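# A structural walkthrough
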There are 4 protein chains.
Amino acid sequence: MKYMKGRVEDIKITYIGGGSRGWAWQLMSDLAKEEQLNGTVKLYDIDYEAARQNMMIGNGLKVREDVKSKWDYQAVATLDEALQDADFVIISILPGTFNEMASDVHAPEKYGIYQAVGDTVGPGGIVRGLRTVPMFIEIAKAIEANCPKAWVINYTNPMSLCVKTLYEAFPQIKAFGCCHEVFNTQELLAAALEDMEGIKDVTREEIKVNVLGINHFTWLDKASYKSIDLLPIYKAFVDKYYISGFEKEKAGHWMNDHFSSCNRVKFDLFKRYGLIAAAGDRHLAEFMQGNWYIENPAQVMEWKYSLTPVSWRKEDLKERLAKSERLVKGEEQFELVDTGEEGVRQIKAIVGLGDLVTNVNLPNKGQVANLPLGAVVETNAVFRRDEVVPVLAGSLPAGIASIAARHIANVQMTLEAAMEKDKEKAFLAFINDPLVSIGVEDASELLTEMLSNTASYLEGWEI
Amino acid sequence: MKYMKGRVEDIKITYIGGGSRGWAWQLMSDLAKEEQLNGTVKLYDIDYEAARQNMMIGNGLKVREDVKSKWDYQAVATLDEALQDADFVIISILPGTFNEMASDVHAPEKYGIYQAVGDTVGPGGIVRGLRTVPMFIEIAKAIEANCPKAWVINYTNPMSLCVKTLYEAFPQIKAFGCCHEVFNTQELLAAALEDMEGIKDVTREEIKVNVLGINHFTWLDKASYKSIDLLPIYKAFVDKYYISGFEKEKAGHWMNDHFSSCNRVKFDLFKRYGLIAAAGDRHLAEFMQGNWYIENPAQVMEWKYSLTPVSWRKEDLKERLAKSERLVKGEEQFELVDTGEEGVRQIKAIVGLGDLVTNVNLPNKGQVANLPLGAVVETNAVFRRDEVVPVLAGSLPAGIASIAARHIANVQMTLEAAMEKDKEKAFLAFINDPLVSIGVEDASELLTEMLSNTASYLEGWEI
Amino acid sequence: MKYMKGRVEDIKITYIGGGSRGWAWQLMSDLAKEEQLNGTVKLYDIDYEAARQNMMIGNGLKVREDVKSKWDYQAVATLDEALQDADFVIISILPGTFNEMASDVHAPEKYGIYQAVGDTVGPGGIVRGLRTVPMFIEIAKAIEANCPKAWVINYTNPMSLCVKTLYEAFPQIKAFGCCHEVFNTQELLAAALEDMEGIKDVTREEIKVNVLGINHFTWLDKASYKSIDLLPIYKAFVDKYYISGFEKEKAGHWMNDHFSSCNRVKFDLFKRYGLIAAAGDRHLAEFMQGNWYIENPAQVMEWKYSLTPVSWRKEDLKERLAKSERLVKGEEQFELVDTGEEGVRQIKAIVGLGDLVTNVNLPNKGQVANLPLGAVVETNAVFRRDEVVPVLAGSLPAGIASIAARHIANVQMTLEAAMEKDKEKAFLAFINDPLVSIGVEDASELLTEMLSNTASYLEGWEI
Amino acid sequence: MKYMKGRVEDIKITYIGGGSRGWAWQLMSDLAKEEQLNGTVKLYDIDYEAARQNMMIGNGLKVREDVKSKWDYQAVATLDEALQDADFVIISILPGTFNEMASDVHAPEKYGIYQAVGDTVGPGGIVRGLRTVPMFIEIAKAIEANCPKAWVINYTNPMSLCVKTLYEAFPQIKAFGCCHEVFNTQELLAAALEDMEGIKDVTREEIKVNVLGINHFTWLDKASYKSIDLLPIYKAFVDKYYISGFEKEKAGHWMNDHFSSCNRVKFDLFKRYGLIAAAGDRHLAEFMQGNWYIENPAQVMEWKYSLTPVSWRKEDLKERLAKSERLVKGEEQFELVDTGEEGVRQIKAIVGLGDLVTNVNLPNKGQVANLPLGAVVETNAVFRRDEVVPVLAGSLPAGIASIAARHIANVQMTLEAAMEKDKEKAFLAFINDPLVSIGVEDASELLTEMLSNTASYLEGWEI
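Fair warning: this is a prediction, and the values are worked out from it, not measured in the lab.

## Some thoughts on the overall build of chain A
- Along the backbone of chain A there are 17 helices and 14 strands.
- Taken over C-alpha atoms, the radius of gyration comes to 22 Å for chain A, in line with the 23 Å a tight globule of 463 residues would show.
- For chain A, with 463 residues in total, the buried portion stands at 62%.
- Nonlocal contacts in chain A, meaning residues at least 24 apart in sequence, comprise 71% of its contacts between residues at least 6 apart.
- Of the roughly 16,900 Å² of accessible surface on chain A, a fraction of 50% belongs to carbon and sulfur atoms.
- Separation of charge centres in chain A, based on 50 positive and 66 negative side chains, amounts to 5 Å.

## A few points about the UniProt feature "binding site: Mn(2+)" (unreviewed entry) in chain A
Residue and element names in this part refer to chain A.
- UniProt marks Cys-179 and His-216 with the feature "binding site: Mn(2+)" (unreviewed entry), using the numbering shown here. Spanning 38 residues, the named residues nonetheless gather at one spot, since no C-alpha pair among them exceeds 8.4 Å.
- Within the secondary structure, Cys-179 is located in the loop between strand S7 (174–177) and helix H7 (181–197).
- For Cys-179, a relative accessible area of 12% corresponds to the buried category.
- When sequence neighbours within four positions are dropped, the list of residues in contact with Cys-179 reads Asn-215, His-216 and Asn-359.
- Along the chain, His-216 falls in the loop between strand S8 (207–214) and strand S9 (217–225).
- Excluding residues that lie within four positions of it along the chain, His-216 makes contacts with Thr-120, Asn-157, Cys-179, Glu-181, Ala-279, His-283, Leu-284, Phe-287 and Glu-378.
- One polar contact links His-216 to Thr-120, side chain to side chain, over a distance of 2.9 Å.

## Here's the deal with the relation of the copies chain A and chain C
- Once turned by 180 degrees and shifted 0.0 Å along the axis, chain A lies on chain C with an RMSD of 0.0 Å. What the rotation and shift describe, once combined, is the action of a two-fold rotation axis. No C-alpha of chain A lies nearer the rotation axis than that of A:Val391, which sits 2.0 Å from it.
- The fraction of interface residues of chain A whose copies in chain C are also interface residues reaches 100%, indicating that both copies meet through the same surface.

## Describing the arrangement of the chains
- Without any contact between them, chain B and chain C keep their closest C-alpha atoms 14 Å apart.
- These two, chain A and chain D, are apart from each other, with no contact and a minimum C-alpha gap of 14 Å.

## Here we look at the relation of the copies chain D and chain C
- Expressed as a screw transformation, the operator carrying chain D onto chain C has a rotation angle of 180 degrees and an axial translation of 0.0 Å, and the superposed copies differ by an RMSD of 0.0 Å.
- In this assembly the copies share their binding face: 100% of the residues contributing to the interface of chain D also contribute to that of chain C.

## Here's the deal with the pairing of strand S12 (residues 356–363) of chain B
Residue and element names in this part refer to chain B.
- Counting buried residues along S12, 7 of its 8 residues qualify, which places the element largely inside the surrounding structure.
- The pairing of S12 with strand S13 (residues 376–384) spans 8 bridges and is antiparallel. When the bridges of S13 are listed, Thr-358 appears paired with Ala-381.

## Things to note about the packing of aromatic side chains
- Summed over the entire model, instances satisfying the criterion amount to 60 aromatic pairs over all chains.
- Summarising the aromatic geometry, the rings of A:Tyr234 and A:Phe237 are spaced 6.2 Å apart at their centres and angled 35 degrees between planes, so their arrangement reads as tilted. Of this pair, A:Tyr234 and A:Phe237 both sit in helix H8 (residues 230–241), 3 residues apart, roughly one helical turn. Accessibility classification places A:Tyr234 together with A:Phe237 in one group, the buried group.
- Ring centres of A:Tyr234 and A:Phe270 lie 4.9 Å apart, and the angle between their planes is 90 degrees; this geometry places the pair in the edge-to-face category. Here the residue A:Tyr234 occupies a position in helix H8, and A:Phe270 occupies one in helix H9 (residues 264–273), the gap between them amounting to 36 residues. Like A:Phe270, A:Tyr234 is buried.
- Seen from the ring of B:Trp292, B:Arg272 lies directly overhead, with NZ or CZ sitting 5.4 Å from the centre.

Reading guide: rules and limits
- Residues numbered from 1 in each chain as written.
- Chains lettered and ligands numbered in written order.
- Predicted model: local features only at pLDDT ≥ 70, side-chain atom pairs only at ≥ 80, totals over all residues.
- Heavy atoms only, no water.
- Helix = DSSP H or I, 4+ residues; strand = E, 2+ residues; numbered from the N terminus.
- Rg over C-alpha atoms; globule rule 2.2 N^0.38 Å.
- Buried < 20%, exposed > 50% of the residue type's maximum accessible area, 1.4 Å probe, protein only.
- Contact = heavy atoms within 4.5 Å.
- Areas by Shrake-Rupley, 256 points an atom, 1.4 Å probe, with all protein chains shown as cover.
- Lys, Arg positive; Asp, Glu negative; His and termini not counted.
- Charge placed at Lys NZ, Arg CZ, Asp CG, Glu CD.
- UniProt positions renumbered as here; feature names shortened; annotations may be inferred.
- Polar contact = N/O pair within 3.5 Å; in protein donor to acceptor, adjacent residues only side chain to side chain.
- Least-squares fit on C-alpha atoms with pLDDT ≥ 70 in both.
- Pairing = 2+ DSSP bridges.
- Phe/Tyr/Trp six-rings, centres within 6.5 Å; stacked < 30°, edge-to-face > 60°.
- Lys NZ or Arg CZ within 6 Å of the ring centre and 35° of its normal.

In structure tokens form, the structure reads like this:
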């Protein structure tokens, strides 16, 4: 890297999962709009052709007038080559294919277990985790070998397990995990502020929050806009919309958009625990006892959110593949959008171009006082040159901490099971998940089936 | 107290719950057989007449030739008077009556929730806890006022909550909790040693164990007899008796004795977690997810233990009341038995007559490395003059620790709910219990019913 | 407080020590220049007349055109009245008079113990601490009674002990301690950047540092300007100026300015420990073994800093008293200056007008990983609406941590000695101070003399 | 090992430093008197001939009628061979020769620094430590390779550093350190009991103590004999003998026995800190600021203990060498003595033949609450089959903890310096030692001289 007059040039970014038709394009967009950075992005993907297409799309931006920084995109064939001397490593992969994900999400349904996402906790999250661990061990070891001082940003789920695995395999790694769920909750708070107080045009960055918890089960115990305490406002807002739910205009609608919801789960959790749950209802529902919010599709309807079928993801991917073709061929112009993601802002802060306080996932060194040390937790951190330093975010109420600790134990057991290729230990995590409230024998059968479905990623296991 | 030539005289013991027809008689028996101690036992009970009867029974022992130490028993009318200058305080009370206990145990059955004991965890344990907390706060405050340096031994359930409450109300208290469940497991290990290796006449004290966990969900990760590691022997023993179960001869039989079992729950837990669960199956079953061992009476039969109906306790009490009458009137002679309890041995060690290493319940200062600090945990401790010092017992496996932590959180929330008279907080504990896997609304109805049934002990609550 | 359109009005600030002719004027200046705040400052001082003079000076500002916010100053006769409903409490007092301070600083000289400041550690710091503790207990209790939710900013030395005492007396207090020594070090780093790299006009706020340690013995293990790592630059700078020392132009000169130095102590500490010491040389010298930097005046000259005689402070006070007279009488106009202090910026952040990351003194909850929990430590913290949240600053090297821990133990013992009025315990702190390397009997004599000199502030002691 | 009928046979003990003419003979004596153990002792020494002589002496015992167990002694030429499949490893070596020790102890004298032992702390202890670390790394690595499950008992000084190094090099090692200084203090307490209360014939094992601190700076905050609290008795005893000192009859006399003392240092520390220091005055004096007890030989005389000159050790060794010759040639019979050491009793407890509670040195996992985790501390532990479990011994008073923490930091820095061969870091430990109160330049010269004197053991260093 070279610093000169407020700009940093020659930054080397490696993107693992660089063939992605989602996150990778967002990064391209964010980089294109950033004046103060410049450098190379190496795209690595097990689907090399996908990476190559993205290289073409990315390099196509250089000539455009509306693009403020000229980045060089390179598709790279091997992980080691991709990581050589990287300054930043971004990890955003799909562990397995949508076929494995279909099993993760839908196989449990015949036992009456429903999942809205199935990528974090629940039977799906755990099995996905088991196949993800070896991939992340490989990545961590390659980072240790090729770029031990690089900053590593993970976007892959299950977030807590992915970050935990990176530190397990290479304890000196400078890795953290990022997720936009808290941002959406900040936007909900801005909407509440408008709805209840008539204060308009507040951006989500202006909503200051204290974040504590674990990814997708993250909580806010303080929230402010300027001098205004948002907790009492949110309380009144929840009372107003508890039954009907609340959905922002122009956002998708929960009945036809798998990522939308009416926030009723969030409102119910607030009434019970007194803190603002800061993740989408789809995620939150999966962390609680199964019969609270996700016992069956009818109950999901009642709570006004939706289960995302993997078939939809498959269809969506087809569309994105087609779009990729069009972009490569020049039949469609790449659109520079406001992604709302913070990756590029974080990179700027880490290279020294301005402080940033935002939420990240990191091993607990005390930032959440009543969750186990070493567990990956989500809190605010201060980003500065070559530093990401978490703040002491405080404690969760006992009721929430207990549920978070249960999932943290499952992350630990899943990691151990994956490293030891131990089905018995995997089962202890599986059966300890709140969604798996079925009998022990049924649970055992289900796990066996799910492991079989993902067996090609479980080398060396006896299933 | 006075020490002279290997004897300690003038010990002042206060027995809260001193009208009991069970534990109190055991103490009398143990004291009567102990040569090196002597003094006064003040019997306090909210049923003064019961205490008075026990006074008469106790004082009747003085004239007997087979009694080795002459203790003076006094029934005392007020708590303050009873505690004045005590050296030791024993707390063994029934919080409420068997009518409240009948609600604790049986009210949940109409929602399909069964409990074997209902005094520790589960809906019954939590509601019992709510009415116990104010009693223990009163006791702790009275100890602070009257005998702040006394050693306090608690036998009352729910153990963890009772001990936690004592320390909450009077942080300098020298209290610990005792329970004989680990002793029974030592006896099971001795039986296994005989069955598998033909080594006979081993006493439970000769079985050395490392104890860690929480009361009634206590675990052994090490067990030895002299130079012999008992873990592999127990493993083979479990394999041999996994299906049939194992019950010692001459012990009661699980089909007609509510306190007996075939240890099948214990064996199953060993196969799953690799550690020896050290409590009765009736207790262990209540700590796990409800559908493992206690989904319904048929499943209980399958696991070869039994649910204790409170009607049986009521009958049993009638018999004990009759026996008490006979003892008072001299129609029956008080029998000096081997109780197997350790209270008197602990008292001896604390007054300086010999070291003792045994298991107790104490706030966690690190003795269990991966359970929360401050939670009441059960481990070994060294007993010496004016000292009860826990050992560093190590860590539980993640799967067990996660379940223990869940119950620890419930103890914390139950305590807070009782102190704040907060039904909403009580519900958070209630719904977090593994046995309460019913829907949120049903759970809420059930809690309301159970609180109503125990309302006379919940002064100041809005139910 | 009232928030409206980016301004916060009706803030109630209480200034304890409000008769001060130094810090109080700086606050007036900073408030006068701040557009977004407005309210009342209650000035409380044991010298009521001094507070009244400052009231007149402060209120005189209201009419000036160059003043951006109109504050109402009130001199208040009692502490309780002053604190009633305060939003912010500023504590900046002189504990005792310069006569006591003269004893603190100069009495040890006849035993060969020299002190540059004598207000933090060393025999002077400890004895000053003993008389300060009861004052801070009184203040904390009054805050608890009158304004328990107020934010409390302490400027008084000994800083660590003062903040520790506040939390000891009222554990829920929202207090922190502020000190500008780190700011001076940031300015030194800016000077090094100009000297070594030719980069000019960098403000101290642009120098980003990771702060860890205890007040006046604070250290930086990271320092950056934009993308530039300042550690290697500082290393070269230290090598260049190690012998000569370095003093910024236009700053005072160490030979005639008691607050200036050539930073040679700082440079020597950097060479030995590899971290940047972030306090004035006068303070740093007092924390180390006495024969390193402060064995006698000649050695002090060699290290190119100076000992501040209390006689100078007395003279200086006279000048400030005269200036106060002139200001009150209108013979001199109050000058609005750039104070470089952060108090008002912190207040702005705490009322919600913009985030701030800066260094403060707070009880350790893990922000310095290898200093004792509960000790008052200095690190960065994030200031937001109603929040001051420390960051996890990391660990000190063992050599520095050992010296810091020694002073932390002394703070603890001084606090206990003051609360228990226990001369023996005070002596254990005294003799444990690195400057008190004299024999035990001499030390005992010296302590007795110093306590006698300050006896009017040690009510209830046997000296 | 084989267990049969209360005996354990075929125990394999490896003795590193097996050529010793002190500790090795004590072990032989203790083993010879022990009926329940049997096996092989492999003697390894860098002086093979010395080991061979001890082999002959040891094997000579087999034929004697007064010997209760027949042990096979083997001199072994290599460390790996010696450790192969060991059950127990005893480490008792002299790191370097008495020539190096002469430098450790006496080189500092020309700077006015006196040392009584010079093997634990002080300039001598630190330099001895620097040459010991590589030896213990080698030993730990060999244990990991040859007998990773062996129990390792260290007797070598500096104890804390030796044990720390073993765990640093092989974290899973089952090592602990033993020292008899606490035993001597128990005997002093028995003597006090006789002197003050007329209670005779109390053995040191009957004196129950709570031990906490670091080796040679160990403290007792509780001490009992049966029901008797020894603290008030010791207080009166200290008052009685504070000036004169106290020396047991028939023990050596401090004026002509380098290991004896009048306990005046111990008494003075008790008066200052309120706890019983549990190590010899010679050791204790070295831990405190140099001018307290060991400023010069005259002050040492005043405190009635003595400095041990290394010349005496050299003479003593000559005598022991001559004795060894006589024993080998059969000119003198090996005497079976009461050594008072606990090694064999510890081994018995670890193989399962009876519980033992005694003091050991182990890494801190919370057993001393206010010393750093990971530091090697000395407390009681429970010894059982394959277990050495420390008790939670509590906290030291702040004054003592501060001094202990200073030496703990020095152990840490010495370890790091030795591993990194870093003279600058070694100097940071050196100058932080309370005995090194000389100027920085003198200290630097002294360290250089001392390192040069021990240079043959500091391979790879630049001195």
